[in-house]
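Fold and geometry: a report
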Amino acid sequence: MAGIRLQPEDSDPPQTRTPTTTTATTTTGDLISDDERSIAADSWSIKSDYGSTLDDDQRHADASDALAAVSFRAASDYSSDKEEEQGDGVSSKLGLQSYWDAAYSEELVNFREHGLAGEVWFGADVMETVASWTKNVCTTVSRGNISDHAEDDSKPETVGLEDTDLSTWSVLDIGTGNGLLLQELAKHGFSDLTGVDYSEDAINLAHGLAERDGYTNIKFMVDDVLETKLERTFMLVMDKGTLDAIGLHPDGPLKRFMYWDSVSKLVAPGGVLVITSCNSTKDELVQEAENFNRRRNGVLDEPVIMANLQHERATCSFQYIDHVRTYPTFMFGGVIGSRVATVAFLRNADIC
């Protein structure tokens, strides 16, 4: 259950707005209630306000050049109209570490004083759906039954599979926030669980909740996805709102570009990446993964720029597996859409 976030007396509550994942033009107020306005809260990708997250200025410059050279729709185009509609600039604040440091500081106080767990981003129902659906996806991958499933987009999602031992699957939750998604995954048989967030108070909150709820095996640490200090890969990497928040930063297009490069090094060959978003549709996430594949595999007009960006020129790609098909949908202007999209990708077996 989402906790109540108490606001400081000398500040007004932040007014946020949750973009939807439909391709139709619509207003948030028509679709989202006041209780559903917390989005992409567990991002940990921004190191400083409006600043670069990288110490290596050259890599940052190379990435900018490469992004400009790519002849496809930039990731930020998916939500640029949504950001421009918000003249008060709140959407940019949602992409800043300072915003989430303050938010988790309040939630940590509420937990220590009142035992509140804090908000469940996208809602408890979505979190439970993501966990159970992810278990089925990993079971399918373990059995090697993904080829036909990936090619048939109309095929229903995998349900009713016999239990498969997933205790050997290492799991990383990037932008873990309060860590409740990892607790939910533990209920479905995963045991090698790690949560990272760039907000120290988020990690303190996640630690406290895990200890209180009896999930002492879950590991938590402060880490930044774009400057990760992790020196291992994981069979399953979960992202619930992190890519959304990256896109809400003023340098969102560049940071999304770097996100895929970083995440590709965290997902083990043959492993799975699961992204849950309220800012991008399933098709947009698939296209963004395909754009990354093209960049990494040299399908560009600027091979020198790409060589400067990434010296390890090995084949690396993400293959679409499936997406959640059970989220509630709505129709607007003849277009069917959903407020949330969850998509799974298989990392191929070659080294990035």
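Heads up: these notes are all about the structure in this document. The shown structure was predicted, so the numbers you read here are calculated from the model rather than taken from an experiment. (Residues numbered from 1 in each chain as written. Predicted model: local features only at pLDDT ≥ 70, side-chain atom pairs only at ≥ 80, totals over all residues. Heavy atoms only, no water.)

A count of helices and strands for the protein chain gives 12 helices and 9 strands. Looking at the 352 residues of the protein chain, the share that counts as buried comes to 56%. Relative to all contacts within the protein chain whose residues are 6 or more apart in sequence, the contacts with residues 24 or more apart total 77%. Summed over its atoms, the accessible surface of the protein chain is roughly 15,000 Å², and 49% of this surface lies on carbon and sulfur atoms. (Helix = DSSP H or I, 4+ residues; strand = E, 2+ residues; numbered from the N terminus. Buried < 20%, exposed > 50% of the residue type's maximum accessible area, 1.4 Å probe, protein only. Contact = heavy atoms within 4.5 Å. Areas by Shrake-Rupley, 256 points an atom, 1.4 Å probe, with all protein chains shown as cover.)

Taking 1.5 Å per residue, 18 residues should reach 26 Å; helix H4 (residues 97-114) reaches 25 Å between its end C-alpha atoms and fits that length. Glycine 115 occupies a position one or two residues after H4 and carries a positive phi of about 75 degrees. (Expected span 1.5 Å × (residues − 1).)

Under the counting rule described, the total for this entry stands at 9 salt bridges. The salt bridge involving aspartate 261 is made with lysine 265; its shortest N-O contact spans 3.0 Å. The class for aspartate 261 is buried, based on a relative accessible area of 7%. By relative accessible area, lysine 265 is classed as partly exposed at 37%. Salt bridges linked by common partners bring Asp192, Lys219 and Arg232 together as one network. (Salt bridge = Lys/Arg side-chain N within 4 Å of Asp/Glu carboxyl O.)

Relative to each other, helix H5 (residues 124-142) and helix H7 (residues 180-187) sit at 45 degrees, their axes nearing to 9 Å. Judged by the angle between their axes, H5 and H7 are oblique. Here the hand of the crossing between H5 and H7 comes out right-handed. Facing Met127, Glu128, Val130 and Ala131 of H5, the residues of H7 in contact are Leu180, Leu181, Glu184 and Leu185. Of the residues contributing to the contact of H5 with H7, the split by class is 6 nonpolar, no polar and 2 charged. (Axes fitted to C-alpha atoms, helices over the stretch in contact; angles between N-to-C directions. Parallel < 35°, antiparallel > 145°, perpendicular 65-115°, else oblique. Left-handed = near helix turned anticlockwise from the far one by under 90°. Nonpolar A, V, L, I, M, F, W, Y, C, P; charged D, E, K, R; others polar.)

A regular strand places its side chains on the two faces of the sheet in alternate fashion. Summarising burial for strand E5 (residues 267-277): 9 of the 11 residues are buried, a large majority. Pairing of strand E4 (residues 234-240) with E5, which is carried by 6 bridges, proceeds in the parallel orientation. Bridge pairing in E5 links leucine 236 to valine 272. (Pairing = 2+ DSSP bridges.)

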